[in-house]
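# Descriptive analysis of the structure
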Amino acid sequence: MSAINITLPDASVRAYPTPVTVAEVAASIGAGLAKAALAGKIDGRLVDTSYTIQQDAALAIVTDKDPEGLEVIRHSTAHLLAHAVKSLYPDAEVTIGPVIENGFYYDFAYKRPFTPEDLTAIENKMTELARADSPVTREVQSRDEAVRFFLAQGEKYKAELIAAIPQGEEVSLYRQGEFTDLCRGPHVPSTGKLKVFKLMKVAGAYWRGDSRNEMLQRIYGTAWVRKEEQEAYLHQLEEAERRDHRRLGQQLDLFHFQDEAPGAVFWHPKGWRLFQTLIDYMREQQDKAGYLEINTPDVMDRALWETSGHWFNYREHMFTTQTEDERVFALKPMNCPGALAMYAQGVKSYRDLPLKMAEFGKVHRYEPSGALHGLLRVRHFTQDDAHIFCTEEQMEAECRNVVQLIFSIYKDFGFENVRVKLSTRPANRIGTDAIWDKLEGALEQALKHMEVAYELFPGEGAFYGPKLEFVLRDAIGRDWQCGTLQVDMNLPERFDIHYVDADNAYKRPVLLHRALFGSLERFVGILIEHYTGAFPLWLAPQHAVVLSISERQADYAIRVAEELRAAGLRAEADTRDEKITWKIRAHSMNRLPYQLIVGDKEKEAGLVAVRAKGEDLGTMPLAALIERMNGEIVTRSGA
């Protein structure tokens, strides 16, 4: 038999006279690598270290320094959780346990709810099993053998999963100690590789996600390579809870939700002021960039959505109604068809392009009730949409202009760490490959021309065109996908729109779909959590409160608030007959940027004592304070 050649990541080649396992290759390279090996990557496919390589292949040894290594650790920890539950509660039935972002979960059927005390016991048992350092071994059975094995164990859920596998297909099982589970793998070589994990909570989950099935118990956990990483993650969760926009929204009197309008926001005066400040800001930026603002109907005939393709590709997310004459209408889930209908009014010349039409459009999308999450996931929201109609020659430059605008706007809000994702053609799409080549090329070239780094996500574009997604990192390190830019030659074709070129011939424009905040509701939620409700002055719904120390200064406090409002600042007076310390504490809870305290001395001298976000700035003339605050607003300092 000829030698087996293994090509390593550094392009070096090692020859082995007989079939060799991943672990053996690692050991031949060095004892340190053999000890660190968690899995192998053969021709791009993850496998166990026990996997035998039978022919020439490219191999990378996966350790805990690789992203795939962390995934293998989390996957294996999910099975360690199942092992611990079966050890402590033998009559519990195991179902599935996948890796999720930052951790894993496993679903169980058990006769009673798991308690917090149970979770502590399970986690302790997991630690015991990990320290035992039991080898994790893989074996293959036929489908029918595996079904019989799990039925004999009383695991009907596992047997049901296996029974759905096509006849003749092999089924892999993994054993560690006395515990055996169904899994495709790969797994760590032994349980001793699992050192840092924590169980987080228990929640309900239907078997196979179907509400007609039994309710199971889902135990969530997190797992990491190093203890410091887990501690940082747990701290981030604590911070996220402290910053939760739903709690702060109630505390700051910004908005609420109620059952009569699921997924729709009731904006209170302060919240609506914040919302309108965002719109005013975006309107100013768009005016400077040459956009024209439009407004299109919320409800439009089904025929329009059939032309756009949404009816066939997005129907399950649309709210519809039927009139007495049997016409079917839909609440718009997107603003694009309205913008296309607007463009189609009147003949356009090449001299009119690029034509940039912006709209703060209300859209409605059906989201399952379980997916709704405060302002971050709603059914009724406002998009800062814009549709740019341009020539093919203008396409790349317009893409660059949008990217530049996006980075500039995010910087004003304090977001300087912005990742860019390029999502390319999905399997379910409209348009030819030639068109997709042009569109993807325009986005890629725009980013390269600007020297903007990006990550490629094949197959995740919209059905009508590729897109860029802009991901912000907030104050505690969480990522939020907000802005999008999509390039489209398909909808102009479907709507049969055109312009007249210099030779008096009709040509199709290219359409750029662009949103910078994305959903304004969601962006407000992100801002609340990013700033913990303590907005910079230019964004704050209320700039200042004037606090009187006693009733003797009530008239002066009211007069100061009036002068602040006359200067364009949002201010109120608090003249309640309460101790000044109580008033300061109460308004500090409301995260107000400025508190102005007035007593007899301030009233007599025409001054105000100023506290800015808890810092005592001393006394100053009101005119000086107004100049300071307006300067802060104009420069957007504090963002």
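As shown above, the structure is provided for reference.
Throughout what follows, the structure given in this document is the object of discussion. Note that the coordinates shown come from a computational prediction; the quantities given were computed from them, not determined experimentally.

The rules we used
- Throughout this description, residue numbers start from 1 for each chain and increase along the sequence as written.
- For this predicted model, a pLDDT threshold of at least 70 governs which residues receive local features, and a threshold of 80 or more governs which side-chain atom pairs are given and counted, while totals over whole chains, interfaces and linings are taken from all residues.
- The basis for the side-chain values is all heavy atoms of the structure; hydrogens and waters are excluded.
- Put simply, a salt bridge is a Lys or Arg side-chain nitrogen that is within 4 Å of an Asp or Glu carboxyl oxygen.
- Secondary structure elements are defined from DSSP: runs of H or I of at least 4 residues count as helices, runs of E of at least 2 residues count as strands, and each element is numbered from the N terminus.
- Buried residues are those whose accessible area, probed at 1.4 Å on protein chains only, stays under 20% of the maximum for their type, while exposed residues exceed 50% and partly exposed ones sit between those limits.
- Counting of polar contacts relies on pairs of N or O atoms within 3.5 Å, with two restrictions inside protein: one atom must be capable of donating a hydrogen and the other of accepting it, and residues adjacent in sequence are counted only when both atoms are side-chain atoms.
- Whether two residues are in contact is decided by their heavy atoms: any pair within 4.5 Å suffices.
- DSSP calls a pair of strands paired once it identifies at least 2 bridges connecting them.
- Here an angle of 0 to 180 degrees is reported between the N-to-C directions of two axes, which are lines fitted to C-alpha atoms, with helices fitted over the stretch in contact.
- Here a cavity denotes a set of grid points, spaced 1 Å apart and computed over the protein atoms alone, in which a 1.4 Å probe fits but from which it cannot get out, and a pocket denotes an open set meeting protein on both sides within 12 Å along at least five of seven lines; residues with an atom within 4 Å of a point are reported as lining.
- Grid points are joined across faces, edges and corners, and a volume is the space filled by probe spheres set on the points.
- When residue character is reported, Ala, Val, Leu, Ile, Met, Phe, Trp, Tyr, Cys and Pro are called nonpolar, Asp, Glu, Lys and Arg charged, and the others, Gly included, polar.
- Working definition: roughly parallel below 35 degrees, roughly antiparallel above 145 degrees, roughly perpendicular at 65 to 115 degrees, and oblique for all remaining angles.
- In this scheme the handedness of a crossing depends on how the near helix is turned from the far one: anticlockwise by less than a right angle means left-handed, clockwise means right-handed.
- Within 6.5 Å between ring centres, the rings of Phe, Tyr and Trp (the latter by its six-membered ring) count as paired, and their orientation is classed by plane angle as stacked under 30 degrees, edge-to-face over 60, tilted in between.
- Placement of a charge over a ring requires the Lys NZ or Arg CZ to be within 6 Å of the ring centre, with the centre-to-atom vector within 35 degrees of the ring normal.

### Side note on the pattern of salt bridges
Across all of its chains, the model carries 45 salt bridges by this definition. E68 is paired through a salt bridge with K41; the nearest N and O atoms lie 2.6 Å apart. Taken together, the residues E68 in helix α3 (residues 67–88) and K41 in strand β4 (residues 39–42) connect sequence positions 27 residues apart. The partner of R419 in a salt bridge is D479, with the nearest N and O atoms 2.8 Å apart. In this pair, R419 is assigned in strand β24 (residues 418–423) and D479 in strand β27 (residues 479–488), connecting sequence segments 60 residues apart. Classification of R419 as partly exposed rests on a relative accessible area of 27%.

### Digging into helix α12 (residues 336–343)
Of all 8 residues that make up α12, 6 are buried, and the element is covered over most of its length. C336, P337, G338, A339, L340 and Y343 are the residues of α12 that are buried.

### Digging into the side chain of E93
Tracing the sequence through the fold places E93 in strand β8 (residues 93–94). Its relative accessible area of 14% is what places E93 among the buried residues. Within the structure, the side chain of E93 is placed 3.0 Å from the side chain of K156, a separation counted as a polar contact. In this structure, E93 is in contact with D107, F108, A109, G154, E155, K156 and Y157, ignoring residues within four places of it in sequence.

### Some thoughts on the sheet that holds strand β13 (residues 179–182)
Judged by pairing direction, the sheet is antiparallel, and its 3 strands sit side by side in the order β11-β12-β13 without closing on themselves. Of all the strands in the sheet, the pair left with one neighbour each is β11 (136–141) and β13. When the angles between neighbouring strand axes are averaged without regard to direction, this sheet yields 30°. Relative to β13, α3 is tilted by about 130°, and along the sheet it contacts β12 (171–176) and β13. Of the strands in this sheet, β11, β12 and β13 touch helix α5 (residues 143–152), which is tilted by about 40° from β12.

### Observations regarding the layout of surface pockets
For the largest pocket, the calculated volume is near 1500 Å³. Those elements that provide at least two residues to the lining of the largest pocket are β10 (103–109), β14 (196–206), β15 (215–224), α7 (227–242), β24, β25 (455–457), β26 (467–473) and β27. With 8 residues, the top contributor of residues to the lining of the largest pocket is α7. Each residue belonging to the lining of the largest pocket can be placed in one class, and the counts come to 14 nonpolar, 7 polar and 13 charged. Quantified by volume, the second largest pocket comes out at close to 1100 Å³.

### A word on the environment of R365
When you line up the elements, R365 lands in the loop between β22 (355–364) and β23 (380–390). For R365, a relative accessible area of 16% translates into the label buried. Taking C-alpha positions, R365 is 37 Å from L569, a pair spaced 204 residues apart along the chain. Here R365 is in contact with Y314, H317, F319, P333, M334, V378, R379, F381 and Q383, once residues within four sequence places are set aside.

### Structural notes on the pairing of strand β1 (residues 4–7)
The alternating pattern of β1 places I4 and I6 on a buried face, while none of N5 and T7, on the opposite face, is buried. Taken together, the 4 bridges between β1 and strand β2 (residues 13–16) define a ladder with antiparallel strand orientation. Paired with N5 across the bridge in β2 is A15. Hairpin connection from β1 to β2: 5 residues lie between these consecutive antiparallel strands, with A11 at a positive phi of about 75°. With 2 bridges joining them, β1 and strand β7 (residues 57–62) adopt parallel strand pairing. The residue of β7 that forms the bridge with I6 is A57.

### Topic: the packing of helix α13 (residues 392–412) against helix α14 (residues 433–449)
Interhelical geometry of α13 versus α14 gives an angle of 50° and a closest axis separation of 9 Å. Taken together, the axis directions place α13 and α14 in an arrangement best described as oblique. Crossing handedness for the pair α13 and α14: right-handed. On α14, the residues that touch E392, M395, E396, C399, R400 and V403 of α13 are K438, L439, A442, L443, Q445, A446, L447 and H449. Tallied by class, residues from the contact of α13 with α14 come to 8 nonpolar, 2 polar and 4 charged.

### A closer look at the packing of aromatic side chains
Across all of its chains, the model carries 24 aromatic pairs by this definition. Centroid distance Y110 to F114: 5.2 Å. Interplanar angle 10°. Geometry classified as stacked. The class for F114 is buried, based on a relative accessible area of 8%. Consider the rings of F413 and W538, whose centres lie 5.1 Å apart with planes at 55°: the pair is tilted. Here F413 is found in the loop between α13 and β24, whereas its partner W538 is found in the loop between α16 (520–531) and β31 (544–548), with 125 residues between them in sequence. Residues F413 and W538 agree in their burial class; the two are buried. Site record: aromatic cluster; members linked through ring pairs are Y281, F413, F415, F517, F523 and W538. The ring of Y220 has K201 lying over it, and the distance from NZ or CZ to the ring centre is 5.1 Å. Cation over ring: R514 sits above Y291, and NZ or CZ is 4.9 Å from the ring centre.

### Quick notes on empty space enclosed by the protein
This model, assessed by the stated rule, comprises 2 cavities of 30 Å³ or more. Approximately 100 Å³ is the volume attributed to the largest cavity. Split into classes, the residues belonging to the lining of the largest cavity amount to 7 nonpolar, 3 polar and 2 charged. Size it by volume and the second largest cavity reaches roughly 30 Å³. Every residue lining the second largest cavity is listed: R283, Q286, D287, Y291, L292, E293 and A358. Mapped onto the lining of the second largest cavity, the elements with two or more residues apiece are α9 (269–288) and β18 (292–293). Here the lining of the second largest cavity gets 3 residues from one element, more than from any other, and that element is α9. Along the lines of polarity and charge, the residues of the lining of the second largest cavity split into 3 nonpolar, 1 polar and 3 charged.

These values are about where atoms sit, not about what they do.
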